[in-house]
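# Notes for the structure review
Chain by chain, the residues:
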Amino acid sequence: MLSITKVRLKGFRGFVGEQEFDFYSPFTILFGENGKGKSSLLNAIEWCLFGNDSIGRNTGIRERIDWEIKNRNIKECYVELEVKENDSEYKIKRAWKSKTRDELSIIGSDGKTTQGEDAKRELVKLIKNFSFKDFLTSIYQHQEVIRFFLIQEPKDRNEAMDRLLGLSEYRNIIDGINKAEIKGETLQNEIDNILEQIKAKIEVWEEQIREKKKELNNKGILDNEINKDGAKNLAANIKNSLKDFFLKINLNLTETFLKVDESDFDKFSALAKHEITRLRSEMPDIKKQEEIFEKRTKVVEDLNNYINAQGAFTEKNKLLQEFIQKNGKIDELEKKKTDKENEIKEKENEKEKISLLAVIIEKSIKYLKSDMVIHKKTCPVCGTEKEGLLDQLEKDYQEKYKKQLEEINKELEEKRNELKKIEDLISEYRKKEEDKMKFEGEFKKVSESIRNTWGIGEREDIEKWLNNFKNTCEGELKAIEITVKEKQEKLNKIEENINNFSKIHEVLKLESQREKARNIERSNNWKKLQEKADEFKKFVEEIEDIISVVKQASTAEARNKIESVKEKISEYFKAITSHPMISQINFEVSEARTGGNSYEFKDQKGENMIPILSQGNLNALALSIFLALAESQDSPFNFLIFDDPSQSLGSSEKFKFLEVLNKIGGKRNLIISTMDKEFFDLSEKTFTKTKIVYQFKDWSQDKGPQVEKGS
Amino acid sequence: MKVKENVKKYLKEDETKRLWESIYEGFEKEGRDGIKKILEEKAKRIQDEFENIKRDIEKQIGG
């Protein structure tokens, strides 16, 4: 059997620099508070022996998911175990290279080193193909198992039991299968849905067929004509009608239409419709009708333009004539203007003359009034002497000249006003004459253009000519309208036949779809679809079968394992607890509904013993199961590992458990990790064989665990 | 006996045995997620084939 004599490690989890630990004694005790590196040291042994098998989801240990091996603060990470088997010694070293890769090397007693795959094979040989899961069950009692065992929830205890018995893998596999959530009836349900949808579609199509047939019946198509032959006959009829029609109007049907196969319903229908459209636009009568209509529109437009231009000119001319009648011709107005201007001129001369005389008299009065003048009776202009000259002059000035001037000014104003009126009339005349000439020009232009457009002779009356031509057009239009109407009606009839043909075709298509849908369950594709649904169902049944078998295998294995060790479990339980009410423990194992096993713990009377067990008793029960399994298994290892085994044990149970361990120690080396001071102190007193004690005093990020060795 | 063989001995059908082997292989590679992946892939393959045939049928019926 393989014993560990020394562990050397560096950079593993909480460890930093290289540290080494001896494990050659019957008892090695690791003592210290939580988080100081005890468990990391035990984990290092696992990792060195089992590598990546001890990491991740596959271990079934929740804490191992995303577990980091290498200390983040150091580059190098390795664990080296010195082991002994009989007289041979080996150094097993595992070095971390990356998250997925490590390097294993083994140095034998002869100093020979094996590496890589060779080293792996040698290790498997050394540990007798013992798996990591076997190691968990029978060598390494994990503290988490005890912790779960102590939880009152049966679900957790069942999981802990599975783990103690090494059955976590079964449980995890069932979990994984259930996680996929594959349901059996999924595809069959979908097939049922498709059938329902098809049924609904068939109903819709039948309704549409009924509607369309009714429409066809209303158009005179009988039910016995609504079939392929009926459609073919109608197509032939349409083709012949179009041929006749084209022949009559001297046009040709397209080659494509002439060659189209009447049984190609879609193509025939589209081409026939195209021919109709072409006909409607290219038919000679229609073209002629369009030409006449265009001419008529143009002549009406010209007629309107002519009448408007003529009307405008006539209006302006009339205004001018009325003006002349009222105010005279322009020559007369011009003469009136000259006469008035002469009258004004004469009056202005008269005014000038009187003004000059008035100035002389005014000056004479001023002179005579002056103090410098002595001879006041002498006229300063003619030298005549006259009594009362000044008074006479003043009187004349006031009564004669001033009054005369005022009258002349008044007359002048009147004459100027009259002149202004004459000038305004002349200006108005000019404006009216200009307007008349402008509209006359417009009228001439329009007349000229119309004459040129229609070829109307100079002597012909435009309005009359246009009216005649308009009437001719309307007559022709009326005549051609009847012909066109007749032809359009014929075309409408053909077109209606084409529409009926299309409708028959639609009915046939719907009937074909309906038949296909009705027969779908007999088709190859449907058979294949059903096969796939069956394949899926079978796949799900296989999964269910596997789940059932995994549960069955797990339960059977649990029962076998327990059966083989149940006496030993009872023995250890009694030794650790001395429980007065329990002399024999019986186990009932059944398949749990959710996966894994369900365990019932019964006493010698067959009664459930859990309600009368304390937490310490439960802890003892977990330890008893582990010890019994460890003893029963054919293990290649000569050591057992206990990680925090005394979690809820009472003082007396701790002592008794240590006594049990004391008996085992020596037969197998025991590595015990604890944070329990009482348990540690008791172990000092209880263990009678050689022991090594490592006290984990402290832990720091840069140095890792600070450990003191004692004995 | 290892879990793989232990379960296999209880299975009767060869096809079920093959499915079990692939489930176990998935478990060995990626744990529970590996099983989920394997089963979902197999289910998806059948479902995809089913969908393709379904589409063909829909085309066949038309409308």
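This text goes with the structure placed above it.
Here goes a summary of the coordinates provided. Residue numbers here run from 1 along each chain, matching the order of that chain's written sequence. The naming scheme follows written order: chains are lettered A onward, ligands numbered 1 onward. The model is predicted, so local features are restricted to residues of pLDDT at least 70 and side-chain atom pairs to those at 80 or more, both for listing and for counting; the totals for chains, interfaces and linings are taken over all residues. Just so you know, side-chain values use all the structure's heavy atoms and leave hydrogens and water out.

Moving on, we get to the packing of aromatic side chains. Residues and elements named next belong to chain A. Stacked, edge-to-face and tilted are the three classes for Phe, Tyr and Trp ring pairs, Trp counted by its six-membered ring, which pair at centre distances within 6.5 Å; planes under 30 degrees apart are stacked, over 60 edge-to-face, the rest tilted. Following the criterion strictly, the structure yields 29 aromatic pairs over all chains and no others. On the basis of an interplanar angle of 20 degrees and a centroid distance of 6.1 Å, the ring pair of F657 and F679 is categorised as stacked. One end of the pair, F657, is in helix α17 (residues 651-664); the other, F679, is in helix α18 (residues 677-686), with 22 residues separating them in the sequence. Take F657: its relative accessible area is 0%, and that puts it in the buried class. The ring of W67 carries R64 above its face, with NZ or CZ at 4.3 Å from the centroid. We call a charge positioned over a ring when the NZ of a Lys or the CZ of an Arg lies within 6 Å of the ring centre and within 35 degrees of the ring normal. The side chain of K239 reaches across the aromatic face of F257, ending 5.9 Å from its centre. Here a strand is any run of E in DSSP of at least two residues, a helix any run of H or I of at least four, and the numbering for each starts at the N terminus. Accessibility here uses a 1.4 Å probe with only protein chains present; expressed as a share of the type maximum, an area under 20% marks a residue as buried, one over 50% as exposed, and anything in between as partly exposed.

Relative to the assigned elements, T674(A) resides in strand β12 (residues 669-674). Those residues in contact with T674(A) that lie beyond four places of it in its chain are L30(A), F31(A), G32(A), K38(A), D644(A), S646(A), F679(A) and F680(A). Contacts between residues were defined by any pair of non-hydrogen atoms, one from each residue, lying within 4.5 Å.

The subject of this paragraph is a nonpolar patch on the surface. All names here are of chain A. Patch construction takes residues with relative accessible area above 30% that form no salt bridge. Like charges are linked within 9 Å, and nonpolar side chains (Val, Leu, Ile, Met, Phe, Trp, Tyr) are linked within 5 Å. Every accessible area reported is derived by Shrake-Rupley at a probe size of 1.4 Å, with residue values counting cover from the shown protein chains alone. Each reported salt bridge corresponds to a side-chain nitrogen of Lys or Arg within 4 Å of a carboxyl oxygen of Asp or Glu. There is a patch of nonpolar side chains on the surface, built from L357, I360 and V381 and spanning about 260 Å² of accessible area. Inspection of the secondary structure assignment puts V381 in the loop between α12 (330-369) and α13 (389-454). You can call V381 exposed: its relative accessible area is 56%.

Glancing now at the interface of chain B and chain A. Each side of the interface is counted separately: chain B has 39 residues, and chain A has 48 residues. For the pair chain B and chain A, the two sides together bury roughly 4,100 Å², of which 66% comes from carbon and sulfur. The quantity reported as buried area is the accessible area (1.4 Å probe) lost by two parts once they are put together, taken as the sum for both. For the chain B face of the interface with chain A, the top three residues by lost area are R32(B), F50(B) and I61(B), together amounting to 19%. A salt bridge links K179(A) to D33(B), with the shortest nitrogen-to-oxygen separation between them at 2.5 Å. Counting of polar contacts relies on pairs of N or O atoms within 3.5 Å, with two restrictions inside protein: one atom must be capable of donating a hydrogen and the other of accepting it, and residues adjacent in sequence are counted only when both atoms are side-chain atoms. Where chain B touches chain A, the interface holds eleven residue pairs in polar contact (both at pLDDT 80 or more). Only α1 (3-8) and α2 (14-61) of chain B provide two or more residues apiece to the side of chain B that touches chain A. Take the side of chain B that touches chain A: its biggest share by element is 31 residues, from α2(B). Only Asp, Glu, Lys and Arg are considered charged in this grouping, and only Ala, Val, Leu, Ile, Met, Phe, Trp, Tyr, Cys and Pro are considered nonpolar; every other residue, Gly among them, is considered polar. Its residues assigned to classes, the side of chain B that touches chain A shows 17 nonpolar, seven polar and 15 charged.

One less than the residue count of a helix, multiplied by 1.5 Å, gives the span that helix is expected to have. Look at helix α7 (residues 186-218) of chain A: 48 Å from first C-alpha to last across 33 residues, which is about the 48 Å you get at 1.5 Å a residue. Contacts from the buried residues of α7(A) go to α14 (462-518) and α15 (524-577) of chain A together with α2 of chain B. Looking one or two residues past α7(A), G220(A) carries a phi angle of roughly 90 degrees, positive in sign.

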